Amino acid sequence: MDTLLVPPEALQPAARRPGPLWLLAEVTYRCPLHCAFCYNPVDFAAAGPELSTDDWLSVIRQARTMGAAQFGISGGEPLLRDDIEILVAEARRLGFYTNLITSGVGLTEARLAALKEAGLDHIQLSFQDATREANDLITNTRTFDLKRKVAALTKAAGYPTVINCVLHRSNIDHLDRIIEMAAEIGAEYLELANTQYHGWAFLNREALMPSAAQLAEAEAVTERWRQKLGKKMRILFVTPDYQSKKPKKCMNGWGEVFLSVTPDGLALPCHTARMLPGLDFPDVREHALDWIWHDSPLFNRFRGTAWLPDTCQSCEDKDKDHGGCRCQAFMLTGNAGATDPVCPKSPDHALIEATLASAERQDNCHPLVFRDPKASKALGRAF
Amino acid sequence: MIPAGACPRINRLFRFQWEPAQQAHVLLYPEGMVKLNQSAGEILKRCDGNRDLPAIVADLEASFNATGLTPDVEAFLAMAEEQNWIDWTEA
């Protein structure tokens, strides 16, 4: 939501807080890939049963009534559910802009035709690396050829080709080839997202974090390709929080624009908030979305800036960053209400410095733990 | 700069619609929204790929009982093209 051009304050008269603008439906935690950098909770296998089609339709209708205009479908791999077409059709009918965020696994020609018929506006396809070996290694699957095939299918169906690639220690040195591949495929838009360390990515943090030199080289490579390709392919390079030392607002502000619903029906102000302790996550089958957004203790817990700790209260950037990411603060310090340690003013910033120093060591050699239900059950913790 | 006879249309990366909650026309794109002011909305509403610049200007001038809108519309469309909101059909 960094790209949102109209600040939420400007969208409606201040009579009542505006509703969410963006509804993200994480329809399933099931996934054919096993990416070690996944942001899903490590203990996803312990989540309750998935919402029914009717539950999702009710969420979609309520969110639209509240003024939401973006409907994202994600997961896990959303295509593992067979009702995505139904959800897209209803969302589109109500005026949502509909966006499918997929690994491409399961996107057959027939399925794509059905989604197009349902009115799907946009597909974001994830790529993991530029070579078969590297893609298949990090995902722990054989999916490389399939992804290229799916990219060609979506293009043939008239969709702009929008590719997302998560960058980490093992693929960031292949960036030149990754961008070249995206250009070959004819991508209009490439998002290079450095790993954010949540869920499985936090668990694998040491193995995934690139060195400062790797990161600087990646930015230089990106800049060279931008010069070369111009408007033909837009490249967005998302800098990692740890290295940028700039805390970011949770999803553009906790409870300001974004509402996510988990596969088992919990409403969250950001994708990863269910890891936070001591909070009551409202279930969309038990509460109206309007109450959840405006009145639930969860959505008000870190809303605005009144709750900020002293370090942030006295800081001139507090309205810009709201003290940073709540999950990051909790994972690193054990206190969800602390200043995000990526901020150099945080009393806990040494934790970040230590992690960055560890990423500089040549002997960095940590085994990857792949995201799958068996490992999830064995680990039995949120991150 | 604008080829004669070419018609502007909304780029397929965006969807243009009236948004009741905003009481405004908006452009929707993945994970974002541009809220348009009234004149931007009225111009883009006419960018349907069938009308060229003079036709759009004539329609706006008739609808709003105005004259001499060509430079404003031209400037807006140049900006809109720069933002990728529109492209032009072949002349």
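Residues numbered from 1 in each chain as written. Chains lettered and ligands numbered in written order. Predicted model: local features only at pLDDT ≥ 70, side-chain atom pairs only at ≥ 80, totals over all residues. Heavy atoms only, no water.

1. Here's the deal with the overall build of chain B
The helix and strand tally for chain B stands at 3 helices and 5 strands. Listed N to C, the secondary structure of chain B is β-β-β-β-α-α-α-β in terms of helices and strands. Scaling as 2.2 N^0.38, a compact globule of 91 residues should have a C-alpha radius of gyration of about 12 Å, and chain B matches this with 13 Å. Projected onto the principal axes, the alpha-carbon positions of chain B cover approximately 35 × 30 × 20 Å. Looking at chain B as a whole, 46% of its 91 residues are labelled buried. Look at the contacts in chain B between residues 6 or more apart in sequence, and 49% of them connect residues 24 or more apart. With an accessible surface of roughly 4500 Å², chain B has 51% of that area assigned to carbon and sulfur atoms. One finds the centroid of the 7 positive side-chain charges in chain B at a distance of 8 Å from the centroid of its 13 negative side-chain charges. (Helix = DSSP H or I, 4+ residues; strand = E, 2+ residues; numbered from the N terminus. Rg over C-alpha atoms; globule rule 2.2 N^0.38 Å. Buried < 20%, exposed > 50% of the residue type's maximum accessible area, 1.4 Å probe, protein only. Contact = heavy atoms within 4.5 Å. Areas by Shrake-Rupley, 256 points an atom, 1.4 Å probe, with all protein chains shown as cover. Lys, Arg positive; Asp, Glu negative; His and termini not counted. Charge placed at Lys NZ, Arg CZ, Asp CG, Glu CD.)

2. Comments concerning the sheet that holds strand β1 (residues 22-26) of chain A
All names here are of chain A. Strand order in the open sheet formed by 9 strands is β7-β6-β5-β4-β3-β2-β1-β8-β9, with mixed pairing between adjacent strands. Only two strands of the sheet have a single neighbouring strand rather than two, namely β7 (234-238) and β9 (267-268). As paired strands, strand β4 (residues 122-127) and strand β5 (residues 162-167) are joined by 4 bridges and run parallel to one another. Looking at the pairing, Q124 lines up with V162 of β5. Against the sheet, helix α9 (residues 212-229) contacts β6 (189-194) and β7, and its axis sits at roughly 165 degrees relative to β7. (Pairing = 2+ DSSP bridges. Axes fitted to C-alpha atoms, helices over the stretch in contact; angles between N-to-C directions.)

3. A closer look at the interface of chain A and chain B
Listed by partner, the interface residues are 30 residues for chain A and 19 residues for chain B. With both sides pooled, the region where chain A packs onto chain B buries about 2100 Å², and carbon together with sulfur makes up 47% of that total. The interface formed by chain A and chain B contains 3 salt bridges. Ionic pairing is found between E188(A) and R12(B), a salt bridge with its closest N-O pair at 2.5 Å. One can count 11 residue pairs in polar contact (both at pLDDT 80 or more) joining chain A with chain B. Elements supplying a minimum of two residues to the side of chain A that touches chain B: β3 (97-102) and β4 of chain A. Take the side of chain A that touches chain B: its biggest share by element is 3 residues, from β3(A). In the side of chain A that touches chain B, the residues fall into 15 nonpolar, 9 polar and 6 charged. (Buried area = accessible area lost by both parts, 1.4 Å probe. Salt bridge = Lys/Arg side-chain N within 4 Å of Asp/Glu carboxyl O. Polar contact = N/O pair within 3.5 Å; in protein donor to acceptor, adjacent residues only side chain to side chain. Nonpolar A, V, L, I, M, F, W, Y, C, P; charged D, E, K, R; others polar.)

4. Re the pattern of salt bridges
All names here are of chain A. This model, assessed by the stated rule, comprises 28 salt bridges over all chains. Between K249 and E256 there is a salt bridge; the shortest N-O distance is 4.0 Å. Judged by its relative accessible area of 21%, K249 is partly exposed. Owing to a relative accessible area of 15%, E256 belongs among the buried residues under this scheme. Notably, a salt bridge pairs R274 with D264, separated by 2.9 Å at the nearest N-O pair. One end of the pair, R274, is in the loop between β9 and α11 (289-294); the other, D264, is in the loop between β8 (258-261) and β9, and 10 residues separate them in sequence. On the accessibility criterion, R274 (22% relative accessible area) is partly exposed.

5. Describing the packing of helix α6 (residues 175-185) of chain A against α9(A)
All names here are of chain A. Orientation of α6 relative to α9, taken along the N-to-C sense of each, is 30 degrees, at an axis distance of 9 Å. One way to sum up the angle between α6 and α9 is to call them roughly parallel. Considering the relative orientation of α6 and α9, their crossing is right-handed. Touching L175, D176, I179, E180 and A183 of α6 are A218, V221, T222, W225 and L229, all from α9. For the contact of α6 with α9, a count of residues per class yields 7 nonpolar, 1 polar and 2 charged. (Parallel < 35°, antiparallel > 145°, perpendicular 65-115°, else oblique. Left-handed = near helix turned anticlockwise from the far one by under 90°.)

6. Thoughts on the sheet that holds strand β4 (residues 32-35) of chain B
Across a sheet, paired strands are connected by hydrogen bonds in the backbone, their directions being either parallel or antiparallel. Residue and element names in this part refer to chain B. Pairing is antiparallel in the open sheet, where 3 strands are placed in the order β2-β3-β4. Both outer strands of the open sheet, β2 (15-19) and β4, are each paired with one neighbouring strand and no more. Averaged over all pairs of adjacent strands, the angle between their axes in this sheet comes to 30 degrees, without regard to strand direction. As paired elements, β2 and strand β3 (residues 24-29) share 5 bridges and run antiparallel to each other. Residue pairing in the sheet places E19 in a bridge with A24 of β3.

7. What about the UniProt feature "binding site: [4Fe-4S] cluster" (unreviewed entry) in chain A?
Residue and element names in this part refer to chain A. The UniProt record annotates "binding site: [4Fe-4S] cluster" (unreviewed entry) at C31, C35 and C38. With respect to the helices and strands, C31 occurs in the loop between β1 and α1 (53-65). Exposure remark for C31: the relative accessible area of 23% places this residue in the partly exposed category. Mapped onto the elements, C35 comes out in the loop between β1 and α1. Classification of C35 by relative accessible area gives buried; the value is 9%. Excluding residues that lie within four positions of it along the chain, C35 makes contacts with Q128, I138, T139 and R371. (UniProt positions renumbered as here; feature names shortened; annotations may be inferred.)

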